[in-house]
Amino acid sequence: MTPLPLDKINISATNHNNLANAVRFLAIDAIERAKSGHPGMPMGIADVATVLFTRFLKFDVAAPRWPDRDRFILSAGHGSMLLYALAYLTGYKDVDINQLKQFRQLGSRTSGHPEYNLVAIAETTTGPLGQGIANAVGFALAEKIGATKFGDDLVNHYTYVIVGDGCLMEGISQEAISLAGHHKLSKLIVLWDDNEICTDGQTNMVLSDDQLERFTASLWDVTRINGHDSEEIAQAIEYAKTTNKPSLIACRTIIGYGSPNKAGSEKSHGSPLGSEEIIATRANLGWNFKPFEIPPSVLDIWRATGIRGTKSRIAWEKCLAELDTTKRTEWDRLANHRLPKEWRNVITTFKSKITTNKPIWATRKSSQEILEVLTQYIPELIGGSSDLTSSNLTINKSTKPITPDDASGNYIHYGVREHAMAAIINGLSLHGGLIPYGATFLVFTDYLRPALRMAAMMGLRVIYITTHDSIGLGEDGPTHQPIEHLASLRAIPNLLVFRPCDSIETAECYEVALETTTGPSLFSLCRQPLPTLRNNSSDNKSARGAYILADSNGTRHVTIIATGSEVKLALKAREILMKKKIATAVISMPCQELFDKQDLEYKKSVLGDKTIRISVEAASTFGWERYVGLEGSIIGLSSFGMSAPAEQIYNHFGITTEAIVDIALAKLLNQNH
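All of the points below concern the structure found in this document.

Each value, and the rule that gives it
Residues numbered from 1 in each chain as written. Predicted model: local features only at pLDDT ≥ 70, side-chain atom pairs only at ≥ 80, totals over all residues. Heavy atoms only, no water. Helix = DSSP H or I, 4+ residues; strand = E, 2+ residues; numbered from the N terminus. Rg over C-alpha atoms; globule rule 2.2 N^0.38 Å. Buried < 20%, exposed > 50% of the residue type's maximum accessible area, 1.4 Å probe, protein only. Contact = heavy atoms within 4.5 Å. Areas by Shrake-Rupley, 256 points an atom, 1.4 Å probe, with all protein chains shown as cover. Lys, Arg positive; Asp, Glu negative; His and termini not counted. Charge placed at Lys NZ, Arg CZ, Asp CG, Glu CD. Expected span 1.5 Å × (residues − 1). Polar contact = N/O pair within 3.5 Å; in protein donor to acceptor, adjacent residues only side chain to side chain. Pairing = 2+ DSSP bridges. Axes fitted to C-alpha atoms, helices over the stretch in contact; angles between N-to-C directions. Patch = residues over 30% accessible without salt bridge, like charges linked within 9 Å, V, L, I, M, F, W, Y side chains within 5 Å. Salt bridge = Lys/Arg side-chain N within 4 Å of Asp/Glu carboxyl O. Phe/Tyr/Trp six-rings, centres within 6.5 Å; stacked < 30°, edge-to-face > 60°. Parallel < 35°, antiparallel > 145°, perpendicular 65-115°, else oblique. Left-handed = near helix turned anticlockwise from the far one by under 90°. Core = buried A, V, L, I, M, F, W, Y, C linked by side-chain atoms within 4.5 Å.

## Regarding the overall build of the protein
At step 1: Counting its secondary structure elements, the protein contains 26 helices and 18 strands.
At step 2: Relative to the compact-globule value of 26 Å for 673 residues, the protein shows a C-alpha radius of gyration of 28 Å, a close match.
At step 3: Dimensions of the protein, computed from the C-alpha atoms along their principal axes, are close to 90 × 60 × 45 Å.
At step 4: Looking at the 673 residues of the protein, the share that counts as buried comes to 62%.
At step 5: Contacts in the protein between residues far apart in sequence, at least 24 positions, make up 79% of those at least 6 positions apart.
At step 6: Here the protein displays about 25900 Å² of accessible surface, and carbon together with sulfur accounts for 51% of that area.
At step 7: Averaged over its 68 positive side-chain charges, the protein has a centre that lies 5 Å from the centre of its 72 negative ones.

## Focus on helix H15 (residues 363–377)
At step 1: The terminal C-alpha atoms of H15 lie 21 Å apart, and with 15 residues this matches the ideal 21 Å at 1.5 Å per residue to within 8%.
At step 2: Residues Thr363, Arg364, Ser366, Ser367, Gln368, Ile370, Leu371, Glu372, Leu374 and Thr375 constitute the buried set of H15.
At step 3: Where H15 is buried, its residues meet helix H14 (344–357), strand S8 (381–385), helix H16 (389–392), strand S10 (435–441), strand S11 (463–467) and helix H20 (503–515).

## Remarks on the side chain of asparagine 135
At step 1: Structurally, asparagine 135 can be placed in helix H5 (residues 131–150).
At step 2: Classification of asparagine 135 as buried rests on a relative accessible area of 2%.
At step 3: In this structure the side chain of asparagine 135 is engaged in a polar contact, spanning 2.8 Å, whose partner is the side chain of threonine 124.
At step 4: In this structure, asparagine 135 is in contact with Thr124, Thr125, Ala423, Asn426 and Gly427, ignoring residues within four places of it in sequence.

## Some details on the sheet that holds strand S6 (residues 221–226)
At step 1: The five strands lie next to each other as S1-S2-S3-S7-S6, forming an open sheet whose pairing is parallel. Sheet topology places strand S1 (71–74) and S6 at the edges, where each strand pairs with a single neighbour. Across the sheet, the axes of successive neighbouring strands diverge by a mean angle of 20 degrees, strand direction being ignored.
At step 2: Here six bridges tie S6 to strand S7 (residues 247–252), and the two strands are oriented parallel to one another. Opposite arginine 224, over in S7, you have alanine 250 as the bridge partner.

## A word on a nonpolar patch on the surface
At step 1: Together, Met169, Met205 and Val206 give the surface a local cluster of nonpolar side chains, amounting to about 280 Å² of exposed area.
At step 2: Residue methionine 169 is classed as partly exposed on the basis of its relative accessible area of 36%.

## Things to note about unusual backbone geometry
At step 1: Here glutamate 196, not a glycine, exhibits a phi torsion of approximately 60 degrees, which is positive.
At step 2: Looking at the element boundaries, glutamate 196 is found in the loop between strand S3 (188–194) and strand S4 (197–198).
At step 3: Phi is positive for glutamate 342, which is not a glycine, with a value near 60 degrees.
At step 4: Assignment of secondary structure puts glutamate 342 in the loop between helix H13 (325–335) and H14.

## What about the pattern of salt bridges?
At step 1: Tallied over the full model, the rule gives 30 salt bridges.
At step 2: Among the ionic pairs, arginine 252 bridges to glutamate 196, the shortest N-O distance being 3.8 Å. Residue arginine 252 is found in strand S7, and its partner glutamate 196 is found in the loop between S3 and S4; the two are separated by 56 residues along the sequence.
At step 3: Residue classification places arginine 252 among the partly exposed residues on the basis of a relative accessible area of 32%.
At step 4: Here aspartate 406 makes a salt bridge to lysine 400, at a shortest N to O gap of 3.4 Å.
At step 5: Via salt bridges that share partners, Lys149, Glu330, Arg333 and Glu380 belong to a single interconnected network.

## Structural notes on the environment of histidine 419
At step 1: Within the secondary structure, histidine 419 is located in helix H17 (residues 418–431).
At step 2: On a C-alpha basis, the gap between histidine 419 and alanine 176 in space is 8.7 Å, while along the polypeptide they are 243 residues apart.

## Things to note about the sheet that holds strand S17 (residues 612–620)
Sheets are built from strands that pair by backbone hydrogen bonding, the pairs being arranged parallel or antiparallel.
At step 1: Across the sheet, five strands lie side by side as S14-S16-S15-S17-S18; this open sheet has mixed pairing. If you trace the sheet from one side to the other, it starts and ends with strand S14 (547–550) and strand S18 (633–637), each paired once. Between one strand axis and the next, the sheet turns by 25 degrees as a mean value, whatever way the strands run.
At step 2: As paired strands, S17 and S18 are joined by four bridges and run parallel to one another. Directly across from isoleucine 614, in S18, lies its bridge partner serine 633.
At step 3: Across the face of the sheet, helix H26 (residues 657–672) comes into contact with strand S15 (558–562), S17 and S18 while running at roughly 150 degrees to S17.

## Details of the packing of aromatic side chains
At step 1: Under the definition given, this model contains 17 aromatic pairs.
At step 2: Seen in terms of ring centroids, phenylalanine 53 and phenylalanine 72 are 5.2 Å apart; in terms of plane orientation they differ by 85 degrees. Their pairing is edge-to-face. Taken together, the residues phenylalanine 53 in helix H2 (residues 40–56) and phenylalanine 72 in strand S1 connect sequence positions 19 residues apart. Comparing phenylalanine 53 with phenylalanine 72, the two get one shared label, buried.
At step 3: Ring centres of phenylalanine 498 and phenylalanine 523 lie 5.2 Å apart, and the angle between their planes is 35 degrees; on these two criteria the pair is classed as tilted. Of this pair, phenylalanine 498 sits in strand S12 (residues 496–498) while phenylalanine 523 sits in strand S13 (residues 521–524), and the two are 25 residues apart along the sequence. Grouping residues by exposure puts phenylalanine 498 and phenylalanine 523 together as buried.
At step 4: In textbook terms, an aromatic cluster arises when at least three aromatic residues are bridged by ring pairs, as seen for Phe53, Phe59, Phe72 and Tyr92.

## A word on the packing of helix H7 (residues 171–182) against H17
At step 1: At their nearest, the axes of H7 and H17 sit 8 Å apart, and the two run at 70 degrees to each other. Overall, the two elements H7 and H17 adopt an arrangement that is roughly perpendicular. Of the two elements, H7 crosses H17, and the hand of that crossing is right-handed. Of H17, the residues touching H7 (which contributes Ile172, Glu175, Ala176 and Leu179) are Glu418, His419, Ala420, Ala423 and Ile424.

## A closer look at the nonpolar core
At step 1: Counting 129 residues, the largest nonpolar core has Leu188 and Leu428 as its most contacted members.
At step 2: In terms of residues, this core owes the most to one element, helix H1 (residues 13–34), which gives 11 residues.
At step 3: Residue contacts for leucine 428: discarding those within four places in its chain leaves Gly138, Phe139, Leu141, Ala142, Ile145, Ile382, Ile412, Tyr414, Leu434 and Pro436.

## Structural notes on the environment of proline 436
At step 1: With respect to the helices, strands and loops of the structure, proline 436 is situated in strand S10.
At step 2: For proline 436, a relative accessible area of 0% corresponds to the buried category.
At step 3: C-alpha of proline 436 to C-alpha of lysine 580: the two residues are 144 residues apart in sequence and 49 Å apart in space.
At step 4: Setting aside residues up to four positions removed in sequence, proline 436 forms contacts with Ile382, Ile425, Leu428, Ser429, Arg461, Val462 and Ile463.

## Comments concerning H20
At step 1: In a regular helix each residue adds 1.5 Å, so 13 residues correspond to 18 Å; H20 covers 19 Å between its end C-alpha atoms and thus fits that length.
At step 2: Counting buried residues in H20 gives 12 out of 13 residues, a clear majority hidden from the surface.
At step 3: Listing the buried residues of H20 in full gives Ser503, Ile504, Glu505, Thr506, Ala507, Glu508, Cys509, Tyr510, Glu511, Val512, Ala513 and Leu514.
At step 4: For H20, the N-terminal capping position is held by aspartate 502, with its side-chain oxygen 3.2 Å away from the main-chain nitrogen of isoleucine 504.

Okay, structure coming up:
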């Protein structure tokens, strides 16, 4: 089916100017009222946005989450009033004139930077520069994957992005555009607000790059236009839709366009124009209306723009209704974020097999094994690694690479691009229909953290698989041995951090991660082989964050709390202490965040009362005080690691069974005195 053309709205040059000025002055007025914001960018790019929305963008405000809509991403999120003005003008129900008047105020939807789930027009949360353009690569890649699976009758849309100079300065942009060019994402169109201004002043103070040559080298189609000439803008977008490459349109604009004294200057970038300059700008652009007033003749055209995609949407819905039963069932399942029926049976069967065979596997290997069976049963799982596939063990017999010429696979080779990988999987998730995971070493989460933070903020179901999670990786040394990483990741709100101790816990943690639709999950997995410590159980013990792995069989004297590869040390220490008639329990704590959510009664039953508590984790000691208490002991690291075989490093830092036993005995002795 060829999509119906969008309803055409005849717009004269005069009408275009009025439409663009409506965007400009809503932004100017809202920012002035808030006494805070960035007017220069909306004023400068208003012509481009007006042409895009009135002539090209496929959307329908009556169905803002219509799956086959074009995606519009404002990567330069500081210009958020551009987005809010467009939302109001085109008729989005969640952004009325009062929301514009409440810009940047407590409780309003119109926050300082666009936030996903606050306003329907925001496809993603932007603000940290470069995130939006990298998200957009994920959106465009998801479109290509979806079209391959369901056909272009159902999946056939473009991803448009407005970026600023700052977005293109951030290193993530190069990672993202390189991957987009490699994958020939021809439905990705980037509109660069090329105003030659940054916060500090002229961009020539800080760079001499030729951006067009840069994008050309990354296999993009590029063109430069006058960003204030509506016909040039339209012709450039029209042409971009015909190429077999992603497109960059460099729109030469004037920041603060129309302001007599601040246009073309950083003075219009990050603060209100001021009442006198606003009066002068109104006179200069011939906008003789009060603040927040839009003349009916202009608003009518904008509101018609908001529904010009209605016929196309209705035709698409008819096409969806005509799908065969199998495809329609699968489409509806994915659209509603439902996992396949009986998918938990895969976990149960895997756990039973592990209980029988009791393999000695590193948890990265356990992850590979459970992913293989999950990927067979959950087709929306889309994996990938930042050039560490053979180390992360994220590829398996169920995975097939996605290539530039074949998007039918389920695995993406991201190359050494951790930051872009994390932002791209955010885009894959936001687009819908996919559950993405990306992998790297735990120590390299430093490279991807800004995108991970955005996933947590947006509540996305994405999964980070990180391996080589401690000094246990050995000879690679302190540059690759994560120390502070677990503590800092656990500090991120709405992120589940899992550090399983064996194959059973690994499977249980994947079950929780897949069920969690309100935020991301991160797996901290080891390189060294570990014994199977758990037997199968009907309930998911890891889902409560921590549980009694080995009880004291009586009045408890010592409680050892451990995670990951150190749980086996705790169990050996318990064995020694129990032989000395010291009742000892071992608590496995694969996820602190889940344990923190449990009720007080459960927490007390696990941690014990009037007992010596000792924690052991081959990472920073930071944060363990809240579990062991002021009188407890923490075994961990307060320095960087070293290069040596893993066993020698553990001995050097005193992370051993013997150390646990010695501390327990010393604590008991002090207690008795």
